[in-house]
Amino acid sequence: MGFQVGDAVEVTAEDVAQGGWCVARPAGFPVVFVRHALPGERVVARVTEVTSRFARADAVQILRPSADRVPPPCPNARPGACGGCDWQHASLPAQRALKAAVIGQQLRRLAGVDREVTVEPLPGDEAAGGPAAHPAITARGGEPGLGWRTRVQFAVRDDGVAGLRAHRSHEVVDVGDCLIAHPRIRDLGIPRRDWPGVAAVEAIVGSGPGAERAVIITPAGRSEYKEGMTTVPAESVLRRAGRRLSPVRGRGYLSQRAAGREWRVSAAAFWQVHPAARSRPPTR
């Protein structure tokens, strides 16, 4: 006996798994990986995918909530909406504990190493104390755990709406705003602008003086997208063609500050996306 997509099944979430899943093992059925649940919760899960060995599902009704459950601050952190945030329905201490459990599982499974793992909060992400708990919180927008992501890539629908993809899907969700994006990125209003002829828009904010911003626009197909390139209120606007970036306005790099020095980093290059991770000393 197995599941079919669309089935609703009542299960108990047990272990946490990589990728925002909890594992449920209903008697007589395949294992079910459930999103939007927390370990120990009894939920009604709607099956979204079935394979030969397991099923995937979304928790659509919480029958017995965990003490760690909180209302997600973002209205798009729910089944069928944005797939970007795995654990907004958990308190910040619970989120760190869940991530530590996943790392511990991987160490045991892949390396045969059994050790306790602790995930520490970065400055500005403390769960208690309110917006005044740390200057980094106020600088990023006022609420712990939000406003930290300094690079966000938006996909663009055929109708020109920029949004974020649903979980395990190419569907682009019109989010209107992204609460984990850095305030300097949110101020650009990318999801509220029209992007005809564009496939993707990426926004990055630096950490040097002035926290300058760059926007990378990827035209759709062979489109030579021009409209809007000069009206985006970023310090730099670049056009992507394959691996090549061509500045339309401004320059192709951002100033980033770390380890007491200022660095020039290509707008396309990897840099720590959490502002407080850039100068965080290693913990032994």
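Residues numbered from 1 in each chain as written. Predicted model: local features only at pLDDT ≥ 70, side-chain atom pairs only at ≥ 80, totals over all residues. Heavy atoms only, no water.

**Re the packing of aromatic side chains**
The description of an aromatic ring pair uses the distance of the two centres, along with the angle that the planes make with each other.
Alright, step 1. Per the stated rule, a full pass over the model turns up three aromatic pairs.
Alright, step 2. Summarising the aromatic geometry, the rings of F3 and F29 are spaced 4.8 Å apart at their centres and angled 20° between planes, so their arrangement reads as stacked. Here F3 is found in the segment before β1 (8–12), whereas its partner F29 is found in the loop between β3 (21–24) and β4 (31–35), with 26 residues between them in sequence.
Alright, step 3. On the basis of relative accessibility, which here comes to 10%, the residue F3 falls in the buried class.
Alright, step 4. Taking relative accessible area as the criterion, F29 reaches 30% and is therefore assigned partly exposed.
Alright, step 5. Between F33 and F54, the aromatic rings sit 5.3 Å apart at their centres with planes inclined by 85°, giving edge-to-face as the arrangement. Pair noted here: F33 is in strand β4 and F54 is in strand β6 (residues 54–64), with a separation of 21 residues, a long-range link.
Alright, step 6. Relative accessible area serves as the criterion here: at 22%, F33 is assigned to the partly exposed category. (Phe/Tyr/Trp six-rings, centres within 6.5 Å; stacked < 30°, edge-to-face > 60°. Helix = DSSP H or I, 4+ residues; strand = E, 2+ residues; numbered from the N terminus. Buried < 20%, exposed > 50% of the residue type's maximum accessible area, 1.4 Å probe, protein only.)

**Looking at the confidence of the model for the chain**
Alright, step 1. When pLDDT is averaged along the chain, the result is 89, and 89% of the positions lie at 70 or above.
Alright, step 2. Ignoring residues within four places in sequence, the model shows residues 128–139, a span with pLDDT below 50, making 16 contacts including any to other chains. (pLDDT = per-residue confidence, 0-100. Contact = heavy atoms within 4.5 Å.)

**A word on the nonpolar core**
Alright, step 1. Counting residues in hydrophobic clusters, the biggest one holds 29 residues, and the most contacted among them are L164, L188, I190, W195, V201, V215 and V232.
Alright, step 2. Among the elements of the structure, β7 (151–156), β8 (162–165), β10 (198–205) and β11 (213–219) are those that each provide at least two residues to this core.
Alright, step 3. Ranked by residue count, the leading element in this core is β10, at four residues.
Alright, step 4. Membership of the second largest hydrophobic core comes to 22 residues, among which are V11, A24, V32 and L38. (Core = buried A, V, L, I, M, F, W, Y, C linked by side-chain atoms within 4.5 Å.)

**Let's talk about the sheet that holds β7**
Alright, step 1. As summarised here, the arrangement of the seven strands in space is β9-β8-β7-β10-β11-β12-β13, forming an open sheet in which the pairing is mixed. Edge positions in the sheet fall to β9 (172–173) and β13 (244–249), since each has one partner strand and no second.
Alright, step 2. Pairing between β7 and β10: five bridges, direction antiparallel. By the bridge assignment for β10, R151 is matched with I204. (Pairing = 2+ DSSP bridges.)

**So, the side chain of E41**
Alright, step 1. Looking at the secondary structure, you find E41 in the loop between β4 and β5 (42–50).
Alright, step 2. Judged by its relative accessible area of 0%, E41 falls in the buried class.
Alright, step 3. Looking at E41, its side chain comes within polar contact range of the main-chain nitrogen of L38, at 2.9 Å.
Alright, step 4. In this structure the side chain of E41 is engaged in a polar contact, spanning 2.9 Å, whose partner is the backbone nitrogen of S66.
Alright, step 5. In this structure, E41 is in contact with V11, T12, A13, I62, R64, P65, S66 and R69, ignoring residues within four places of it in sequence. (Polar contact = N/O pair within 3.5 Å; in protein donor to acceptor, adjacent residues only side chain to side chain.)

**Some details on unusual backbone geometry**
Alright, step 1. In this structure, R168 is a non-glycine residue whose phi angle is positive, near 50°.
Alright, step 2. Relative to the helices and strands, R168 is located in the loop between β8 and β9.

**Focus on the sheet that holds β4**
Alright, step 1. The strand order across the open sheet built from six strands is β1-β5-β6-β4-β3-β2, with neighbouring strands paired in mixed fashion. Each edge of the open sheet carries a strand with a single partner, namely β1 and β2 (16–17).

**Looking at the state of the cysteines**
Chemically, a disulfide is nothing more than a covalent bond linking the sulfur atoms of two cysteines.
Alright, step 1. Per the counting criterion, the structure on display carries zero disulfides.
Alright, step 2. Residue C82 stays outside any disulfide, its sulfur separated by 6.1 Å from that of C85, the closest cysteine.
Alright, step 3. You can call C82 buried: its relative accessible area is 12%. (Disulfide = S-S within 2.5 Å.)

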